Structures are given as C-alpha cells and as structure tokens.
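The lines below spell out each chain.
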Amino acid sequence: MVKTTIAEVPKHVDQEVTIGVWVANKRSSGKIAFLQLRDGTGFIQGVIVKAEVSEEVFQKAKSITQESSLYVTGIIQKDERSPFGYEMQVKDIEVIHHSIDYPITPKEHGTEFLMDHRHLWLRSRRQHAVMKIRNEIIRATYEFFNQNGFVKIDPPILTGSAPEGTTELFATKYFDEDAYLSQSGQLYMEAAAMALGKVFSFGPTFRAEKSKTRRHLIEFWMIEPEMAFVQFEENLQVQEEYVTYLVQCVLKNCALELNTLGRDLSKLEKISVPFPRITYDEAIEFLHENGFDDIQWGDDFGAPHETAIADSYDMPVFITHYPTSLKPFYMEPDPNRQDVVLCADLIAPEGYGEIIGGSERIHDYEFLKKRLEEHQLDLDAYKWYLELRQYGSVPHSGFGLGLERTVAWLSGVEHVRETIPFPRLLNRLYP
Ligand code: 4AD
Ligand code: MG
C-alpha cells in the first residue's frame, strides 16, 4: 500500500495509492458516484464506477455522508476538466467515522450561522484557500526579512504602557500591578533596533476598539519592522518592496487558491514599486474636489475617504505627512513644518483600507519627554523608552503591517473575519 496525500498526487499518476480523506460533497446515480474528497492538503474528486468495484464498495460510496472520514484506495489519473488537474478512480473505501447531520450543508448559510460554526466552516474550500494564502504571506514575510538582514524579535504581550493611545487598551491585572495586552510591539522594537540594527516582530496585538467594520478585529496579527539609522524616505522604500514581494509570492505560490476564490489576478499583477504618494494636504484637496465637502484639515480619514483616494490609483498609495494632532506621541515632526509628522499610511486598492501605519520616530530626548508630557503619559512607565534617547540615540523608523487586512486584500475577501482562523470581534468570543 502506498499512502500519500492529495498534494502529492501528481507524483503518482497511473499508480494505486491510499489517502486519508473527508467527504466534502457527494453526487451519485445508479451506475456512478462522485465524491468530492479533501484531506487538508487539497481537494480531489473520487470516481466510483459500479461496474468496476464490488457491490459493497459501491453501496458504501452511495450511502456515505458529508464530512465522514475514510481511507480511499484507487488509481490517480490526469483530469483536464478539474482545476486541480487530477482525479482518483476509487477501488476501495474504508470508513473511519460516519458523520451524522453535518450542520454546514452545500446550501447557503447566513454569516452568523457560519461564524457560530467557525470550527467546522474552516473545512470549506473557500476558507481553506484563504488560510493557505494567509500561510503564504506569513512564509514570505519571514523570507523577505531574513533575506534583507532583519532579526526576528518577540516583544512582550503583557505590557505596562500604551504605544497607540490609551483609549483602546485591554486592561488586566499583573499580580498587584495594572497591565495591558499589547496594542503594538513598537516601543520594544525600538529598543531591539538599537541592539540589533534591523529587526522585525510578528505577533498578536489587541485593540479594545468598539469598531464593527469589515476591517476591524479585536485581536489581530501585526508585522512590525524597526530600523536604526533609517529615515522617512528609506522606510517607505522598504514598505513598498515588502508589499510587492508578498503580492508576487502569493501570485506565484497560490494560483489554485486564488482561482478557488475567483480573485481578479490582473489587479494584483499590476502591483510594482514605486507606489504612488500623496501628502495629507493633497488628500484633503482631492477630497474637496470629489464631493467630500465636510472634511477639514485636521480631521482623520474614514473608510469612505480612504476608498475614494485609493480608487484613483490601481496600486497601494502612501498618504504622508498627517497632522501631528492625529498621530501618536512618538512621531518625528517634519523639520520644515511642526504641524505635520514624518509618517505614512499605506492604503490598499479596491477598498481594503489602511494596511500599514509607519513613521520616523523622535530621537531627541528632551523633545520626546515634552511630547509624553503633552499626551499626559506617565513618565515613570516610559522611563526605559526615554533612556533609548540618552545612550547613543540615532534616527530610526519603522512600520506595522496588519496581517488580516493584507490577507483580505490579496484573497479578495470582503471582511477580515474570514482571514483569521478564529476571529475575535466586537460581539464574538465563540468559538
Ligand atoms: O496604524 P497602527 O495602529 O500602527 C501601529 O500600531 C504602529 N505602532 C505600527 C508601527 O509603526 N510599528 O496599526 C498598524 C496596522 C494598520 O495599518 C492595520 O493594517 C492594522 O495594523 N490594524 C488592524 N487590523 C485589524 N483590526 C484592527 N482593529 C486593526 N488596527 C490596526
Ligand atoms: Mg494607523
């Protein structure tokens, strides 16, 4: 017996193999049965012809239920009609477990029902494809930063300070002290950059945001590179190269998954460096010219604003130099203009919104101290962060890319809830 997986099937054309599978779907007539089989590595059709197998095997195929688990044995054949390119002529079936009344049937289900059954919904062809694309983005991220001399650093998740403002914190107790779940590892990454030069983190972050949109999760994963001796301009170059690399890797290594999702590839194939850039001032002007009369200089952009701006490009676009008042305390002001900072948000095309936030960081001790005071932050909690500016302070920059929004954009799925295995949303902690 040759035991294999669906992914390895191309190596076994015209050979007899055995695969452990689940039955995703089934269709049968008096003479033939078609089983849509999945094993985690992929999907393949199994064909059982009554005249070619024992009566017992044919009856097993006819009576098998959705999501039952089996060992199937059969001959692998090329099949030009299937997107995967192969099928199995099944000779034998061994039922491992008979599944009864699987709740997710091939008919349409509502979103809340599917979300309540996320632990099972993950098995679907569509969710499988999204998770494979997420995995490819994770793989390509490590590859990109390793190839470019970055060291992976893991900042803590339990923290005593708030990098991105104090309103969206998950508070908890750390024995007798107050603690928070990390909103961003950035401040720790700045310390790491002073030790290792170029670093990146990749971990979960938490925002107690009361936002219920297609772009917001309560728990999401962020990639946060931080670079010593790097200023605003060079920071943007790293971002556009990294994002382009992700797009190319997904196009190259996830063709089947993109096809399953019906993704418009032409939109992704266009992505290349350099990305267009506009300043916040230009963005305000653009919005005024395009019917957004209410927005004023100093206001933050909402989803409709970002989408309007993004729609005038077919590439991700950097919006740079936001007003100082809109951004966190650590951002370096523009040397020519104190009312804007050396920052950029990267807005993805097709309405997927901001996928990166980044900036040059303040490296002057006195100035940073002043900014902390203006933001009414506790200087004791930030003592260590200030000390980074007392011992060989250098210009440095970094950014954070939201994994789930990037997965949503590249997969072409509407809502971030489908881009993470078990989404934590405003009203959802189950399953
Ligand atoms: O713009 P943000 O808040 O930036 C930071 O946290 C910086 N400290 C990063 C840095 O410079 N090291 O978040 C960065 C990115 C956003 O652009 C977005 O892609 C994602 O994280 N993000 C979210 N994704 C899903 N749900 C949420 N609630 C998110 N909030 C931010
Ligand atoms: Mg942001």
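Predicted model only: the values in this text are computed from it and were never measured.

A. Structural view of the pairing of strand 11 (residues 219–228). Counted residue by residue, strand 11 has eight buried out of 10 residues, so it is predominantly covered. Of the strand pairs in this sheet, strand 10 (residues 198–206) and strand 11 are connected by nine bridges, and their pairing is antiparallel. Across the sheet, residue Lys198 finds its bridge partner in strand 11, namely Met227. Here five bridges tie strand 11 to strand 18 (residues 396–402), and the two strands are oriented antiparallel to one another. Following the sheet pairing, Ile223 is matched in strand 18 by Leu401.

B. Here's a closer look at a nonpolar patch on the surface. Taken together, the side chains of Leu158, Tyr174 and Phe175 define a hydrophobic patch exposed on the protein surface, amounting to about 370 Å² of accessible area. Within the secondary structure, Tyr174 is located in strand 8 (residues 171–174).

C. Layout of the pattern of salt bridges. Under the defined criterion, the tally for this structure stands at 31 salt bridges. Between Glu404 and Arg134 there is a salt bridge; the shortest N-O distance is 2.9 Å. Of this pair, Glu404 sits in helix 13 (residues 403–411) while Arg134 sits in helix 4 (residues 125–147), placing them 270 residues apart in sequence. With a relative accessible area of 2%, Glu404 lands in the buried category. A salt bridge links Asp281 to Arg337; the nearest nitrogen and oxygen atoms lie 2.8 Å apart. Here the residue Asp281 occupies a position in helix 9 (residues 280–289), and Arg337 occupies one in strand 15 (residues 337–341), the gap between them amounting to 56 residues. One salt-bridge network, in which partners are shared between bridges, spans Arg38, Glu67 and Arg123.

D. Expanded view of the domain arrangement of the protein chain. Domain boundaries in the protein chain define domain 1 (6–97) and domain 2 (118–418). For the pair domain 1 and domain 2, the summed buried surface comes to about 660 Å²; carbon and sulfur atoms form 54% of the total. Together, Arg38, Phe43 and Pro83 form the three largest contributors to the area buried by domain 1 at its contact with domain 2, with a combined 58%. Residues Arg123 and Glu67 are paired through a salt bridge, measuring 2.9 Å at the closest nitrogen-oxygen approach.

E. Expanded view of the packing of helix 9 against helix 10 (residues 303–310). Axis separation between helix 9 and helix 10 bottoms out at 10 Å; the angle between their running directions is 90°. The pairing of helix 9 with helix 10 is recorded here as roughly perpendicular in orientation. Counting all contacts with helix 9, which are made through Ala283, Phe286 and Leu287, the residues of helix 10 involved are His305, Ala308 and Ile309. Class assignment of the residues belonging to the contact of helix 9 with helix 10 gives a composition of five nonpolar, one polar and no charged.

F. Highlighting unusual backbone geometry. Residues Val273 and Pro274 are joined by a peptide bond in cis, for which omega reads -5°. With respect to the helices and strands, the residue Pro274 is situated in the loop between helix 8 (265–269) and strand 12 (277–279). Of note, the bond from Tyr430 into Pro431 is cis; its omega dihedral lies within 30 degrees of zero at -5°. Along the chain, Pro431 falls in the segment after helix 13. The phi torsion at Glu67 lies on the positive side, around 70°, for a residue other than glycine. As for its placement among the helices and strands, Glu67 is situated in the loop between helix 1 (55–63) and strand 4 (69–78). Residue Glu67 is classed as buried on the basis of its relative accessible area, which comes to 6%. Of note, Glu350 is a non-glycine position whose phi angle comes to about 60°, a positive value. Checked against the element boundaries, Glu350 lands in the loop between strand 16 (343–348) and strand 17 (353–360). Assessed through its relative accessible area of 28%, Glu350 is described here as partly exposed.

G. Looking closely at the nonpolar core. Formed by 59 residues in total, the largest nonpolar core has its most connected members in Ile137, Phe145, Tyr242, Trp409 and Leu410. At 10 residues, helix 6 (residues 232–253) tops the list of elements feeding residues into this core. If sequence neighbours within four positions are ignored, Ile137 has contacts with Leu246, Val250, Leu403, Thr406, Val407 and Leu410. Core analysis: the second largest hydrophobic core is formed by 30 residues, Ala308, Phe329, Val341 and Tyr385 among them.

What counts and how
Residues numbered from 1 in each chain as written. Chains lettered and ligands numbered in written order. Predicted model: local features only at pLDDT ≥ 70, side-chain atom pairs only at ≥ 80, totals over all residues. Heavy atoms only, no water. Buried < 20%, exposed > 50% of the residue type's maximum accessible area, 1.4 Å probe, protein only. Helix = DSSP H or I, 4+ residues; strand = E, 2+ residues; numbered from the N terminus. Pairing = 2+ DSSP bridges. Patch = residues over 30% accessible without salt bridge, like charges linked within 9 Å, V, L, I, M, F, W, Y side chains within 5 Å. Areas by Shrake-Rupley, 256 points an atom, 1.4 Å probe, with all protein chains shown as cover. Salt bridge = Lys/Arg side-chain N within 4 Å of Asp/Glu carboxyl O. Domains from an automatic or database assignment. Buried area = accessible area lost by both parts, 1.4 Å probe. Axes fitted to C-alpha atoms, helices over the stretch in contact; angles between N-to-C directions. Parallel < 35°, antiparallel > 145°, perpendicular 65-115°, else oblique. Contact = heavy atoms within 4.5 Å. Nonpolar A, V, L, I, M, F, W, Y, C, P; charged D, E, K, R; others polar. Core = buried A, V, L, I, M, F, W, Y, C linked by side-chain atoms within 4.5 Å.

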